[in-house]
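Descriptive analysis of the structure
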Amino acid sequence: MKPQNLIYTFVSYASHYDTPWGHGTAVEGVERTARLAHAHGIPVTWIVNRGSIPVLGEQIRQWHEAYGDDIILQCPFFMEDMGMSKDALKARLEADWNLVKEAFPWATTKIAGRGKIYNEVIEVLEELDFQGMWGYCWEQVWWDGITHKGIPWGSWYVDSHRYKIPHAGKGKVVACEWTARDLHLSYHTGSPVIYSTDPNDVLRAGLCTGEEITYWQMLFDEYLANTDHNEQVFFLQQQEAHEMEFSDRFQVFPASHVEACEGMLDRFFAYVAQCGVTLTTLPKALATYHERNQITAPSYMLTKDKPIRPEVNDYTMTLGGVAAGPWPDTFFFYDNQCQMVFVKGECKPRLVRNYVGQWDMQDEFEEKIPPLFITTYEKTSERIELVYEIGNWKPIPFGLTYWDEELSDYEIESCSSDVELKVIKDELVFLRFNLTGEKRTIRLVLRKKM
């Protein structure tokens, strides 16, 4: 593993609210969250708005000096707050960022945050030179009014005219997720809200408790294992400060849940801090992303089942229950053209999402999978040869895999031109290429390592 390649960021909503479920700024929840993170050397990225800046400004400035804390700006809702007016949104964001600059002069990487995202929101952010948009939710449908199914996970350059699609080149705004998800179990169960790093969600689902976080540790270990074949693996975790408080102002969850989430985060922060990963803030992480990547960085994630299942209760039954598995090892991939999912033993993908030429942001971008024939398969102690054949098929981004438990004994000798190859954990070879409409024959040869 290469633990330094895992980028851990912790974000906390610390905004002012005037809603049926809370009023004001959750100062008590902010202080509790900060105390937990700072005790383990983890800087916090605070999501602030014009109401919370004067309340929290002095404290955040002190935490910035002592622990490296940073801020991002809560974006107004484009529909509910701004009446779907780009001009109104632009004026509001510009004014609010001026408040940020005055209160936090060191905040130079401009990031906005909100889960309800539209093309117009990304367009305004580009016009105002923002570099990031936090709040994307991989595989999510309906929950919290957010439907993002079809997007990549992690961090990627977003196309301002197609807010669910990676930019074809170097975009101006990096999209980043609300909170990291369990790719394996989210995909196989269709329950991304439950299988996440949100403390309240895993608590209510019975996956973790205030004293037991084995599920989170296994999930983190899985991300960590994937540093072997990724230059950067992003693990972003978020918890709302108003969900870490039980007071006259905020009672989103009962006091027992606040106490349990405190225990979970304390234990998880301790676990993360001893793994040798890169602990940073979201603004610093995204600034580095812009410096390192001229296009969206591809992501290669090999995932496995975990022997922990949620409880059957009112929360897990909300969306119709949760499938129980067990589920086979699964490989996930995306780049700026597509997203693909492969199940262990199968050469062609179970899922292809094609981002090229898409325009309907209500779509999930899923393509039909062409028939695949393997016309040659020979394996000896000295070499492995495979010939893949695909008939005429429309032009789409595509890929194949070869899974082999003895792969550690072999290395790649040759492959057809225009195919990008990646060996993943000595468990599979990933072949990335594009279909052009013509028949394709791909020959892969591996030889015994000397």
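What comes next is a walk through the structure. (Residues numbered from 1 in each chain as written. Predicted model: local features only at pLDDT ≥ 70, side-chain atom pairs only at ≥ 80, totals over all residues. Heavy atoms only, no water.)

What to know about the overall build of the protein chain
A tally of helices and strands in the protein chain yields 9 helices and 23 strands. Relative to its length of 450 residues, the protein chain is compact, with a C-alpha radius of gyration of 23 Å against a globular reference of 22 Å. Evaluated residue by residue, the protein chain yields a buried proportion of 57% over its 450 residues. Within the protein chain, contacts between residues separated by at least 24 positions form 71% of all contacts whose residues are at least 6 apart in sequence. A total of about 18000 Å² of accessible surface is found on the protein chain, and carbon and sulfur atoms cover 49% of it. (Helix = DSSP H or I, 4+ residues; strand = E, 2+ residues; numbered from the N terminus. Rg over C-alpha atoms; globule rule 2.2 N^0.38 Å. Buried < 20%, exposed > 50% of the residue type's maximum accessible area, 1.4 Å probe, protein only. Contact = heavy atoms within 4.5 Å. Areas by Shrake-Rupley, 256 points an atom, 1.4 Å probe, with all protein chains shown as cover.)

Points about helix 1 (residues 27-38)
Spanning 12 residues, helix 1 covers 16 Å between terminal C-alpha atoms, matching the ideal 16 Å at 1.5 Å per step. Those residues of helix 1 not exposed but buried are Gly29, Val30, Arg32, Thr33, Ala34, Leu36, Ala37 and His38. Considering only its buried residues, helix 1 is in contact with strand 1 (6-13), strand 4 (44-48), helix 2 (53-67) and helix 8 (255-273). (Expected span 1.5 Å × (residues − 1).)

Remarks on the state of the cysteines
Enumeration according to the criterion identifies 0 disulfides in this entry. Not part of a disulfide, Cys275 finds its nearest cysteine sulfur in Cys208, a span of 15 Å. The exposure class assigned to Cys275 is buried, which follows from its relative accessible area of 16%. (Disulfide = S-S within 2.5 Å.)

As for the sheet that holds strand 21 (residues 420-424)
Here we have 3 strands laid out as an open sheet, ordered 19-22-21, and antiparallel in their pairing. Edge strands, defined here as strands with exactly one partner in the open sheet, are strand 19 (396-403) and strand 21. Going from strand to strand, the sheet's axes swing by 20° on average, the running direction of each strand aside. When strand 21 meets strand 22 (residues 428-435), the two strands line up antiparallel, connected through 5 bridges. By the bridge assignment for strand 22, Ile424 is matched with Leu428. (Pairing = 2+ DSSP bridges. Axes fitted to C-alpha atoms, helices over the stretch in contact; angles between N-to-C directions.)

A few points about unusual backbone geometry
Following Gly325, the chain continues into Pro326 via a peptide bond in cis, with omega recorded as 5°. Here Pro326 shows up in the loop between strand 13 (299-303) and strand 14 (330-334). The backbone of Trp142 shows a phi angle near 75°, a positive value even though the residue is not glycine. On the secondary structure map, Trp142 appears in the loop between strand 7 (132-136) and strand 8 (155-159). Among the residues examined, Trp142 registers a relative accessible area of 54% and is labelled exposed.

Quick look at the pattern of salt bridges
Two side chains carrying opposite charge are able to pair once their charged atoms lie near each other. Taken as a whole, this structure holds 31 salt bridges when the rule is applied. The salt bridge partner of Asp159 is Arg162, with a shortest N-O separation of 3.1 Å. Of the charged contacts, one joins Asp228 and Lys425 as a salt bridge, the two residues approaching to 2.7 Å between their closest N and O atoms. Highlighted residues: Asp228 in the loop between helix 7 (214-225) and strand 11 (233-238) and Lys425 in the loop between strand 21 and strand 22, separated in sequence by 197 residues. (Salt bridge = Lys/Arg side-chain N within 4 Å of Asp/Glu carboxyl O.)

So, empty space enclosed by the protein
A complete count under the given rule lists 1 cavity of 30 Å³ or more for this structure. Along the walls of the largest cavity sit Thr9, Ser155, Cys176, Glu177, Phe234, Leu236, Leu282, Ala285 and Leu286, which together make up its complete lining. For the lining of the largest cavity, the secondary structure elements donating two or more residues are strand 10 (174-177), strand 11 and helix 9 (282-292). Grouping the constituent residues of the lining of the largest cavity by class yields 6 nonpolar, 2 polar and 1 charged. (1 Å grid on protein atoms, 1.4 Å probe; cavity = no way out; pocket = protein on both sides within 12 Å on 5 of 7 lines; lining within 4 Å. Points joined across faces, edges and corners; volume = space filled by probe spheres on them. Nonpolar A, V, L, I, M, F, W, Y, C, P; charged D, E, K, R; others polar.)

A closer look at the layout of surface pockets
Of the voids in this model, the largest pocket is the one considered here, and its volume is about 860 Å³. For the largest pocket, the lining is made up of 38 residues, of which Tyr13, Trp21, Asp144, Trp178 and Glu240 are closest to its centre. Of all the elements in the fold, those that place two or more residues in the lining of the largest pocket are strand 2 (16-19), helix 3 (86-103) and helix 6 (199-205). When the residues that make up the lining of the largest pocket are grouped by side-chain class, the tally is 13 nonpolar, 12 polar and 13 charged.

With respect to the pairing of strand 19
Counting buried positions along strand 19 yields 8 of 8 residues, so the element is predominantly enclosed. Across 8 bridges, strand 19 lies against strand 22 in antiparallel orientation. Bridge pairing links Thr401 to Phe430 in strand 22.

Digging into the packing of aromatic side chains
For the structure on display, the rule yields 40 aromatic pairs. Their ring planes at 70° and their centres at 5.9 Å tell us that Phe398 and Phe433 sit as a pair that is edge-to-face. With a gap of 35 residues between them, Phe398 in strand 19 and Phe433 in strand 22 connect regions that are remote in the sequence. For Phe398, a relative accessible area of 1% gives the class buried. The class of Phe433 is buried, set by a relative accessible area of 2%. Counting every residue linked through ring pairs, the aromatic cluster contains Tyr8, Trp216, Phe220, Tyr223, Phe235, Phe268 and Tyr271. It is Lys116 that lies over the ring of Phe77; its NZ or CZ is 4.9 Å from the centre. A cation over a ring is seen here: Lys422 above Tyr300, with NZ or CZ 4.7 Å from the ring centre. (Phe/Tyr/Trp six-rings, centres within 6.5 Å; stacked < 30°, edge-to-face > 60°. Lys NZ or Arg CZ within 6 Å of the ring centre and 35° of its normal.)

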